[in-house]
Every structure is written in C-alpha cells, then in structure tokens.
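# Geometric and topological summary
Now for the letters of each chain:
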2 protein chains.
Amino acid sequence: MTTITAVDTYDVRFPTSLTADGSDAMNKDGDYSAAYVVIRTDDPDLSGFGFTFTIGRGNDICVMAAAQRALPLVGRNVEELTADLGGIYRELQGDSQLRWLGPEKGVIHLALAAVMNAVWDMAARAAGKPLWRLLADMTPEQLVEVADMRYLSDALTKTEAIALLTELAPTRAARIAELTGTGYPCYTTSAGWLGYSDEKLRRLCQEAVDSGYKHIKLKVGANRDDDHRRLAIAREVIGPDANLMIDANQVWDVPEAIEWVNSLAEFKPLWIEEPTSPDDVLGHAAVRKAVAPIGVATGEHGMNRVLFKQMFQAEAIDFCQLDSARLGSVNEILSVYFMAKKFGVPVCPHAGGVGLCELVQHLSIFDYVAVSGTLEGRVTEYVDHLHEHFVEPCIVENGAYQLPLAPGYSAEMFESTLDEFSFPNGSYWASRALEPAPAMG
Amino acid sequence: MTTITAVDTYDVRFPTSLTADGSDAMNKDGDYSAAYVVIRTDDPDLSGFGFTFTIGRGNDICVMAAAQRALPLVGRNVEELTADLGGIYRELQGDSQLRWLGPEKGVIHLALAAVMNAVWDMAARAAGKPLWRLLADMTPEQLVEVADMRYLSDALTKTEAIALLTELAPTRAARIAELTGTGYPCYTTSAGWLGYSDEKLRRLCQEAVDSGYKHIKLKVGANRDDDHRRLAIAREVIGPDANLMIDANQVWDVPEAIEWVNSLAEFKPLWIEEPTSPDDVLGHAAVRKAVAPIGVATGEHGMNRVLFKQMFQAEAIDFCQLDSARLGSVNEILSVYFMAKKFGVPVCPHAGGVGLCELVQHLSIFDYVAVSGTLEGRVTEYVDHLHEHFVEPCIVENGAYQLPLAPGYSAEMFESTLDEFSFPNGSYWASRALEPAPAMG
C-alpha cells in the first residue's frame with residue numbers, strides 16, 4: 001500500500017519576455033511560467049508531477065490555489081485513488097466553496113488542472129505506462145466513467161459516448177503501430193511572434209520548411225500593414241501549398257474581426273485563431289460564417305467543457321484548440337474529445353508555453369488511437385523552447401511528435417530548473433533581483 | 001491634491017454555515033465572506049471601500065489577487081483617477097499577465113471587482129454623492145465612456161448606447177423624485193433556504209407577506225418530493241396572486257432541468273433561477289423555450305459582459321441577475337444594463353451574501369433613473385442578514401429599498417467587524433480555533 005505524504009507546489013518562471021518569445025497582439029511581455037505541483041508518496045520511486053501554465057504575474061495566485069485544491073490528497077491511498085480517477089476528480093472539483101470562485105473557470109480551474117495533471121502523471125507512472133497508453137488501455141466504459149460529462153447530456157449522453165468509443169476499440173492497436181512509425185503531425189509557432197523582425201521571420205519560416213513542417217503560424221492583429229507584409233513574406237517562403245495559419249489573440253470585436261480577416265484572404269490562411277473574446281460562442285459563429293473558406297479556431301482560453309459544447313452546438317469553430325493546462329485535466333479533456341468526435345470537429349490542441357507540448361502529445365496520440373481514428377485536418381501545435389527543463393522532453397522529428405514511451409505524462413521538471421527559476425528565490429531571479437516584467441503590460 | 005498612500009486587503013469571513021443560512025442544492029455549507037479592499041489616501045477624510053463576495057475557502061486567494069490588482073493605484077493622484085474612471089478600469093483590467101488567468105473571469109475578475117468597487121466608492125465619496133447619484137449626474141457620453149464596451153459592438157455600439165441613454169436623460173429628475181417617495185421594490189430569499197424546516201419555511205413566508213413583500217423565492221433541486229411539499233406550503237401561505245420564484249443553483253443538466261421545472265408548473269413560479277451551468281447560453285435558451293410561461297433567470301455567476309451579451313442575443317433569459325461583485329464593477333455593469341435595455345430584458349440584480357444588498361440598491365436605482373425608465377418586471381433581491389456589519393446599511397421598508405443618501409457605494413464595514421471576523425486571526429475565529437467548515441463540502 002502506497003500513501004500520499006505531501007503535495008508540494010512551486011512558482012516557476014522563465015524570463016521569456018527578454019527575447020520577445022511569445023509576443024502577440026494581446027500579450028506583449030509574457031514570462032512563461034508554471035504553477036508546478038509535485039505529489040510525494042511513501043514510495044521513493046513514485047511521485048506525480050503536474051502544472052498549469054501562466055505568463056508571469058499571478059503565477060503565485062495559481063500556486064496558492066493549487067495548494068488548497070490538493071489538500072484532500074494528503075494521506076490518501078494511491079492504489080484506491082488511481083483505481084477511481086473519476087472519483088477523485090469529482091471530489092476535488094466539487095468543493096462547493098472553491099467552486100464559487102469560478103465556477104469551473106479561471107484561477108480555481110487552472111489550479112484543478114495543475115493538481116489533476118499531477119494525479120494523472122502519478123497514475124500513469126504507477127501503471128508503468130505513458131499517459132496516452134494508460135488511456136488507450138481503458139475500455140470505452142472506463143473512459144466515459146472518468147470523463148466529466150456533467151452539463152453535457154443535451155449534446156452527448158454517456159451512452160452515445162460509449163458507442164462512439166466502442167466503434168473504434170477493435171482497431172486501436174493498428175493505429176498505435178502506425179503512429180509508432182510516423183509520429184503525430186505538428187506545426188510550429190516558433191517563427192511568427194510579433195516581436196520578431198522581418199529578417200528573423202523569413203529565416204525561421206525557411207528553417208521550419210527545411211525541418212519538414214507543412215504548417216506555419218503567424219501572429220496578427222496589431223497593425224494591418226504589418227500583417228500584410230509579414231504574411232507576404234511567409235507565403236513567399238513556404239510556397240502556395242503549405243498551410244499558413246494566423247492568430248489574433250482576441251484583439252478584435254466581431255465586426256472588426258470579419259473585416260480584418262477578409263482583408264488577409266489573398267494569403268489563403270487555413271484558419272484565423274482567437275479572432276475575438278474566447279467566451280463569445282455566437283461571435284465565433286458569426287465570424288466563421290463571414291470569413292469562410294478561412295476556418296475559425298479557438299480554445300487555448302476555452303474555460304471549460306460547457307464552452308466547447310456550445311462551440312460545437314453553434315457550429316462556431318472549424319478547429320478545436322483545447323488546452324491541457326486550462327481544462328480540468330484529462331477528465332474534462334476527454335469529454336471535449338468525445339463531443340468533438342460527435343460533431344465532426346478536428347481537435348488541434350494548443351501548445352507551446354512551458355511544458356504544454358510535453359502534455360498535448362499524449363492527448364493527440366490518444367485521440368487518434370481511440371476517439372477520432374483519423375489524422376485528417378489535424379495538426380498539433382509545437383513551439384521549440386523550454387523543453388530542456390523537462391526530464392522527458394517531447395521529441396519532434398520531420399514535423400511530427402514521436403511517441404513518448406516513458407511512464408507518466410512527461411510533466412517532470414529537473415530539480416536544477418526548480419532551483420534556478422523558482423520565483424522569486426531561485427538563483428536566476430535572486431541574482432538579477434529582477435521583477436519578471438514591468439508592473440503593467 | 002490627494003494621493004493614494006496604500007491599498008489594504010482583508011479576508012473577512014462570517015460563520016453562516018452554522019445556521020444553514022444560504023444553503024442550497026449546490027452550496028450546502030457556505031461561510032459568507034468578503035475579500036475586502038480599503039484604499040487609503042493622504043486625506044484622513046477620504047478612503048474607498050470595496051469587496052468581492054465568496055462563500056468561504058478561497059477567500060484568501062481573492063484577497064491575494066486583489067492586492068496584486070491594486071498595486072498600480074498606490075501613489076496615484078485621486079483627482080486624476082476619479083476624473084477618468086474608464087481609464088483606470090482599462091489600465092487595471094488590461095494587465096496582460098493577470099489577464100491570462102481569466103481572461104475576465106474567475107478569481108482575477110472577482111479581484112478586479114473588489115478593487116474597482118473601492119475605486120467607485122472613493123470617487124462617490126470624493127464627489128459627496130451616493131454612487132447612484134454620481135452615475136445619475138453623468139451625461140450619456142460620460143456613462144458610455146466609463147463603461148466597458150469591448151467585444152460588444154456586434155450587439156450594441158457606443159452610438160446606440162448614447163442614443164438610448166439620451167432618450168431618458170430629460171426625465172431623470174422625475175424618476176428620482178418618485179423613488180425618493182417609494183423606494184425600489186425588492187423580494188426576499190430569506191425564507192427559502194434548503195436547510196430550513198417546513199415549520200420555519202411557513203413562518204418566514206408569513207413574515208415576508210406581513211412585511212409587504214410581493215415576491216418570495218425558494219431553493220429547489222435537491223429532492224423532487226421536498227420541492228413539491230415546500231412549494232405547496234409557500235403557495236398556500238402567500239396566496240395565488242403573490243409571485244413565487246424558484247432557484248436551482250445550477251444542479252441540473254438541460255434535459256433534467258426541463259423535466260423537473262415542468263413538474264413544478266402547478267405552483268406557477270414566476271421564474272426558475274440558475275437551472276443549469278451559468279456558462280450555458282444555449283442551454284438556458286433551450287430551457288426557456290421548453291418551460292414557458294415560467295421565466296428563466298440567471299446571472300449571479302455570470303462571469304462577464306460577453307456572457308450576458310450572448311444571453312441577450314440568444315433570447316436565453318427573461319430576467320438578468322447580474323452580480324455587483326462578480327462583474328468588473330460599475331464599468332462592466334453599465335454595459336450589461338445598456339444591452340439589457342436594448343434587448344428588453346429586465347435586470348433584477350442578485351444580492352444577499354454579505355454586502356451585496358448594500359451595492360445593488362445603487363445599481364437598481366440608477367437603472368430606473370437613467371437606463372430602463374420602468375419598474376415593470378423588475379424586483380431586486382434582498383436577504384436580511386449581515387447588514388449590521390456595514391456603516392451605512394441598506395434600509396428596506398414595505399418591500400422596497402429606500403434611497404441611500406450617504407456619499408459612497410455603501411461598502412464600508414465597521415472596524416470592529418474586521419477585528420472580529422478577519423480570518424484566521426480575528427477574535428471570532430481565533431477564539432474558536434474553528435475551520436470555517438469541514439475540508440470538503
């Protein structure tokens with residue numbers, strides 16, 4: 001019998017604002033950060049690692065919330081807990097007093113993600129499997145039992161969810177074999193941050209093409225002339241057949257989004273990402289209608305499964321970009337995948353930041369193996385930075401995530417990273433006595 | 001010239017769970033709490049008081065977030081700040097790193113509400129006016145300038161908002177005179193908490209009728225037989241003509257809500273409140289269609305103006321119950337009122353908790369005076385507890401809020417309350433060494 005002895009939390013921040021990595025029309029100076037959670041047990045070989053992702057200030061608020069969310073875990077039996085991953089999710093999520101602070105959104109939900117990501121990591125380690133495999137080895141009934149299906153029955157019942165998973169169950173092994181050879185296709189955002197010069201943009205686009213990527217994403221929305229010039233450069237470098245995506249990071253009202261996006265149509269974007277408020281289901285539906293055949297994508301700020309349910313019901317999006325550290329971990333992510341399958345919307349998870357790539361590779365692989373059964377229209381984000389802080393970093397080759405094989409959810413950071421980048425007392429921050437960024441963005 | 005010298009924050013919690021006040025189908029053991037903010041200036045006669053409302057655990061998280069939100073206020077000139085209440089709102093709200101934690105929802109938005117409520121309180125005190133009067137003395141252009149209209153232009157442009165306010169401007173004075181005589185009508189929820197016995201329910205319904213209330217609200221949704229019995233008692237006591245409202249506090253999925261509510265139709269409820277997830281615009285629209293003529297009400301967990309915009313666009317609600325401590329203070333509340341006017345939906349603000357009645361009286365009065373111009377279908381919540389902690393408590397007579405006359409937003413608590421109920425070191429909590437409630441609800 002194994003017992004949880006402690007849950008430790010860490011405020012880890014990286015000074016990415018110094019190099020304009022991650023700069024976009026809404027977020028000019030992000031310091032990529034993780035509210036990082038470590039579940040310790042009385043077995044020295046078993047821990048669980050998880051996090052949620054933020055961009056700097058306020059990471060401490062998420063850390064505090066995660067510590068409160070995790071309290072009920074201490075003293076619990078690991079075998080019981082990993083045998084009922086739906087039960088522990090519902091217990092933590094159902095705390096009525098903490099629920100009031102969302103409900104199911106914002107800091108309190110990010111904190112649930114951090115804690116439950118660590119629980120899932122621990123469960124996969126305990127089973128000796130990578131997370132995608134732990135999920136792929138579950139029956140349809142088990143998957144629906146751990147999923148959070150509350151408030152979804154008008155769009156998808158548990159019976160329907162079991163039926164759609166059952167249909168693909170017999171062929172899971174073949175798809176695992178296939179992915180073992182090819183990996184799961186990804187695209188890169190590393191080229192297109194707003195803060196980069198035209199020259200750097202051109203060079204990075206060329207490097208991306210040379211590395212085998214067939215999709216490139218650029219940030220837009222700050223200045224229309226700049227957008228035209230940058231998109232022209234990108235399209236010139238990648239050629240007419242590669243896919244070019246654009247991302248506005250929520251800067252527009254709905255009418256402005258429609259006009260601006262249509263003015264960029266000549267560059268044939270595959271999708272416009274986050275054209276307006278991430279909460280605006282009806283707004284996204286209106287934009288989608290008005291900018292077709294350009295697709296609409298959103299989800300990195302999609303707060304919970306109820307939002308995604310409505311995005312599907314309203315036919316508001318062409319691509320679902322769920323976030324592995326904003327939704328309530330695997331439990332809630334599963335139900336979004338189930339709905340996406342029913343409504344025929346490809347899921348192309350948001351990644352980048354710090355550690356998100358490490359997480360989403362598991363989700364995309366599982367989706368192909370057990371839920372969607374197709375790669376058509378699917379491509380998962382990849383951003384090439386901060387992987388060196390992870391014990392089992394994702395591996396991307398030929399524009400594809402290679403299957404992770406180590407047990408867990410790939411979420412563990414090196415101790416040396418915690419020592420260096422813990423805020424404000426890690427060696428990096430202490431030695432520079434730097435604020436992570438000016439007081440107001 | 002007056003300068004802000006400090007912003008102090010307090011974690012204030014009241015042990016309401018001991019008496020089942022506030023118990024409903026989702027929240028069984030709330031300890032009504034305030035993340036309380038005091039803006040201090042170098043003028044000993046000028047401070048600003050504000051708060052957001054929570055139900056216990058996690059109030060400290062909101063306090064921490066409010067302290068971060070408030071940082072840019074320290075050292076600022078009060079006259080400049082109160083002359084541009086839209087500017088300071090946009091500055092605080094626009095912090096891109098904190099924005100990531102919402103955006104515009106959950107803890108980070110509750111914290112913005114607490115801080116901006118204190119700013120508005122300070123502005124009204126500086127002007128020597130109650131908040132409703134400060135607003136009623138603004139021109140249509142000034143009101144639209146301070147309102148947060150971002151992401152709303154597909155539903156309501158600034159020009160439209162100015163036009164609808166201008167129409168009522170000449171007759172504001174007459175409505176102020178009218179309300180000075182009658183007060184603003186309210187209803188009571190004090191009778192209907194789930195944790196109360198049938199006998200207590202009957203007695204409290206009778207007392208409410210005797211006190212002049214024409215609307216009574218009961219909590220439902222935990223057990224269908226109990227709901228039938230309790231509604232029968234209430235209807236018997238209040239008679240066929242008084243209004244009976246029911247409140248499910250989000251316990252149902254959409255199909256279940258429709259079935260359950262229709263099973264209570266014989267008691268002729270005026271509205272069903274929070275039938276399902278507060279995020280579910282399309283779900284509320286479906287419920288509304290299926291339970292008519294019973295109305296649908298929601299809003300106390302309505303996270304921001306973008307949600308309310310969609311509720312209006314989708315014709316999802318009959319009554320808009322915005323919350324004065326969850327929306328981003330007056331700036332965001334104004335735009336919800338403007339949209340409600342355009343879409344013809346009465347606003348009946350959520351109140352109760354601690355201090356919410358003190359705030360919403362100002363909002364309802366302003367709405368009648370300057371936005372809606374009618375009382376038809378309007379009634380504002382009132383719950384009769386915890387008012388004794390406020391320096392200028394709301395006054396309810398004959399089922400109506402009487403016009404507050406003291407300068408400010410009525411948000412100031414007594415020093416003695418802070419000394420007694422600050423958590424965990426106030427005299428109440430320290431002497432009992434009590435946790436506010438068991439670790440899990």
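In the annotation of an unreviewed UniProt entry, chain A is listed under the name L-fuconate dehydratase and assigned to Subtercola boreus. Reading the Catalytic activity (unreviewed entry) entry of the UniProt record for chain A gives the comment "L-fuconate = 2-dehydro-3-deoxy-L-fuconate + H2O". Looking at chain A in UniProt, the text filed under Cofactor (unreviewed entry) is "Mg(2+)".

## Regarding the overall build of chain A
Regarding its fold elements, chain A presents 18 helices and twelve strands. In terms of overall dimensions, chain A is globule-like: its C-alpha atoms have a radius of gyration of 21 Å, near the 22 Å expected for 441 residues. Over its C-alpha atoms, taken along the principal directions, chain A stretches across nearly 60 × 55 × 45 Å. Looking at chain A as a whole, 65% of its 441 residues qualify as buried. In chain A, 76% of the contacts between residues at least 6 apart in sequence involve partners at least 24 apart.

## A few points about the relation of the copies chain A and chain B
Overlaying chain A on chain B yields an RMSD of 0.0 Å, the required transformation being a rotation through 180° with an accompanying axial translation of 0.0 Å. The superposition operator between the copies reduces to a two-fold rotation axis. Distance from the rotation axis, computed per C-alpha, reaches its smallest value in chain A at Gly-106 of chain A: 2.2 Å. Interface overlap between copies is the fraction of interface residues in one copy that are interface residues in the other; for chain A against chain B it reaches 100%, indicating a shared surface.

## Some words on the interface of chain A and chain B
Contact residues are listed per partner, giving 68 residues for chain A and 68 residues for chain B. Buried surface at the junction of chain A and chain B, summed over both partners, amounts to about 5,700 Å²; 56% is from carbon and sulfur atoms. When the buried surface of chain A facing chain B is broken down by residue, Gln-97, Trp-100 and Leu-101 of chain A rank first, second and third, together holding 16% of it. Our count for the contact surface shared by chain A and chain B stands at six salt bridges. Across the pair Arg-57 of chain A and Asp-95 of chain B runs a salt bridge, and its minimum N-O distance is 3.1 Å. For the interface between chain A and chain B, the tally reads 36 residue pairs in polar contact (both at pLDDT 80 or more). Only strand E3 (47-54), helix H1 (59-70), helix H3 (85-93), helix H4 (96-99), helix H5 (107-127), helix H12 (254-263), helix H13 (281-291) and helix H14 (305-313) of chain A provide two or more residues apiece to the side of chain A that touches chain B. Ranked by the residues each element gives to the side of chain A that touches chain B, the list is headed by H1 of chain A, at six residues. Across the side of chain A that touches chain B, the residue classes tally to 32 nonpolar, 19 polar and 17 charged.

## Topic: the pairing of strand E5 (residues 215-219) of chain B
Residues and elements named next belong to chain B. Within E5, five of the five residues are buried, leaving the element largely enclosed by the surrounding structure. Of the two faces of E5, both are covered, the one formed by His-215, Lys-217 and Lys-219 as well as the one formed by Ile-216 and Leu-218. Summarising the sheet, E5 and strand E6 (residues 243-247) pair through five bridges and their orientation is parallel. The residue of E6 that forms the bridge with Leu-218 is Ile-246. Traced from E5 through helix H11 (residues 224-238) to E6, the parallel crossover comes out right-handed.

## Describing the packing of aromatic side chains
All names here are of chain A. As enumerated under the stated definition, the model contains 28 aromatic pairs over all chains in all. Three or more aromatic residues link up through ring pairs in this structure, and these residues are Phe-14, Phe-421, Phe-423, Tyr-428 and Trp-429. Between Lys-200 and the ring centre of Tyr-196, over which it is positioned, the NZ or CZ distance is 3.9 Å.

## A word on the layout of surface pockets
All names here are of chain A. The space that makes up the largest pocket amounts to roughly 400 Å³. Contributing to the lining of the largest pocket are 22 residues, with Arg-90, Gln-93, Gly-94, Asp-148 and Arg-150 lying nearest its centre. When contributions to the lining of the largest pocket are tallied by element, the ones reaching two or more residues are H3, H4 and helix H7 (140-146). Across the lining of the largest pocket, the residue classes tally to six nonpolar, six polar and ten charged.

## Description of H3 of chain A
All names here are of chain A. Three or more residues of H3 are buried, namely Leu-85, Gly-86, Ile-88, Tyr-89, Leu-92 and Gln-93. Buried residues of H3, viewed axially, fall in a sector of 165°; they line one side. Close packing links the buried residues of H3 with H1, helix H2 (78-83), H5, H7, H14 and helix H15 (329-343).

## Some remarks on the sheet that holds strand E2 (residues 33-41) of chain A
Residues and elements named next belong to chain A. The three strands lie next to each other as E1-E2-E3, forming an open sheet whose pairing is antiparallel. The open sheet has two free edges, formed respectively by strand E1 (4-13) and E3, since each of these has just one partner strand. With direction set aside, neighbouring strand axes in the sheet form an average angle of 15°. Where E1 meets E2, nine bridges bridge the pair, whose relative direction is antiparallel. By the bridge assignment, Asp-11 is partnered in E2 with Ala-35. Helix-sheet contacts for H1 involve E1, E2 and E3, and the interaxial angle to E1 is about 170°.

## Some points on the sheet that holds strand E3 (residues 47-54) of chain B
Residues and elements named next belong to chain B. Reading across the sheet, the three strands line up as E1-E2-E3 and stay open at both edges, with antiparallel pairing between neighbours. The open sheet has two free edges, formed respectively by strand E1 (4-13) and E3, since each of these has just one partner strand. In this sheet, adjacent strand axes meet at a mean angle of 15° when their direction is disregarded. Strand contacts of helix H5 (residues 107-127): E1, strand E2 (33-41) and E3, with the helix running at about 150° to E3, the strand carrying the most contacts.

## Comments concerning the side chain of Arg-172 of chain A
Residues and elements named next belong to chain A. Inspection of the secondary structure assignment puts Arg-172 in helix H9 (residues 172-182). The buried charged residue Arg-172 lacks any salt bridge, with Asp-137 as its nearest oppositely charged partner at 6.3 Å. Not counting residues within four places of it along the chain, the set of residues in contact with Arg-172 comprises Leu-135, Ala-136, Asp-137, Met-138, Thr-139, Pro-140, Leu-143, Val-369 and Ala-370.

## Some points on the pattern of salt bridges
Side-chain pairs of opposite charge can arise where the charged atoms are in close proximity. Residues and elements named next belong to chain A. Within the structure shown, the criterion is met by 56 salt bridges over all chains. Ionic pairing is found between Arg-90 and Glu-145, a salt bridge with its closest N-O pair at 2.9 Å. Of the two residues, Arg-90 sits in helix H3 while Glu-145 sits in helix H7, which places them 55 residues apart along the sequence. A salt bridge links Asp-318 to Arg-288; the shortest N-O distance between them is 2.9 Å. Note that Asp-318 is positioned in the loop between H14 and strand E9 (319-320) and Arg-288 in helix H13, a separation of 30 residues in sequence. Residue Asp-318 is classed as partly exposed on the basis of its relative accessible area of 22%.

## A short note on the environment of Ala-113 of chain B
Inspection of the secondary structure puts Ala-113 of chain B in helix H5. If we ignore the near neighbours within four places in the chain, the residues touching Ala-113 of chain B are Phe-51, Ala-325, Arg-326, Leu-327, Gly-328 and Ser-329 of chain B.

What counts and what doesn't
- Residues numbered from 1 in each chain as written.
- Chains lettered and ligands numbered in written order.
- Predicted model: local features only at pLDDT ≥ 70, side-chain atom pairs only at ≥ 80, totals over all residues.
- Heavy atoms only, no water.
- UniProt positions renumbered as here; feature names shortened; annotations may be inferred.
- Helix = DSSP H or I, 4+ residues; strand = E, 2+ residues; numbered from the N terminus.
- Rg over C-alpha atoms; globule rule 2.2 N^0.38 Å.
- Buried < 20%, exposed > 50% of the residue type's maximum accessible area, 1.4 Å probe, protein only.
- Contact = heavy atoms within 4.5 Å.
- Least-squares fit on C-alpha atoms with pLDDT ≥ 70 in both.
- Buried area = accessible area lost by both parts, 1.4 Å probe.
- Salt bridge = Lys/Arg side-chain N within 4 Å of Asp/Glu carboxyl O.
- Polar contact = N/O pair within 3.5 Å; in protein donor to acceptor, adjacent residues only side chain to side chain.
- Nonpolar A, V, L, I, M, F, W, Y, C, P; charged D, E, K, R; others polar.
- Pairing = 2+ DSSP bridges.
- Right-handed = clockwise from strand over helix to strand, strands pointing away.
- Phe/Tyr/Trp six-rings, centres within 6.5 Å; stacked < 30°, edge-to-face > 60°.
- Lys NZ or Arg CZ within 6 Å of the ring centre and 35° of its normal.
- 1 Å grid on protein atoms, 1.4 Å probe; cavity = no way out; pocket = protein on both sides within 12 Å on 5 of 7 lines; lining within 4 Å.
- Points joined across faces, edges and corners; volume = space filled by probe spheres on them.
- Arc of directions from axis to C-beta.
- Axes fitted to C-alpha atoms, helices over the stretch in contact; angles between N-to-C directions.
- Lys, Arg positive; Asp, Glu negative; His and termini not counted.

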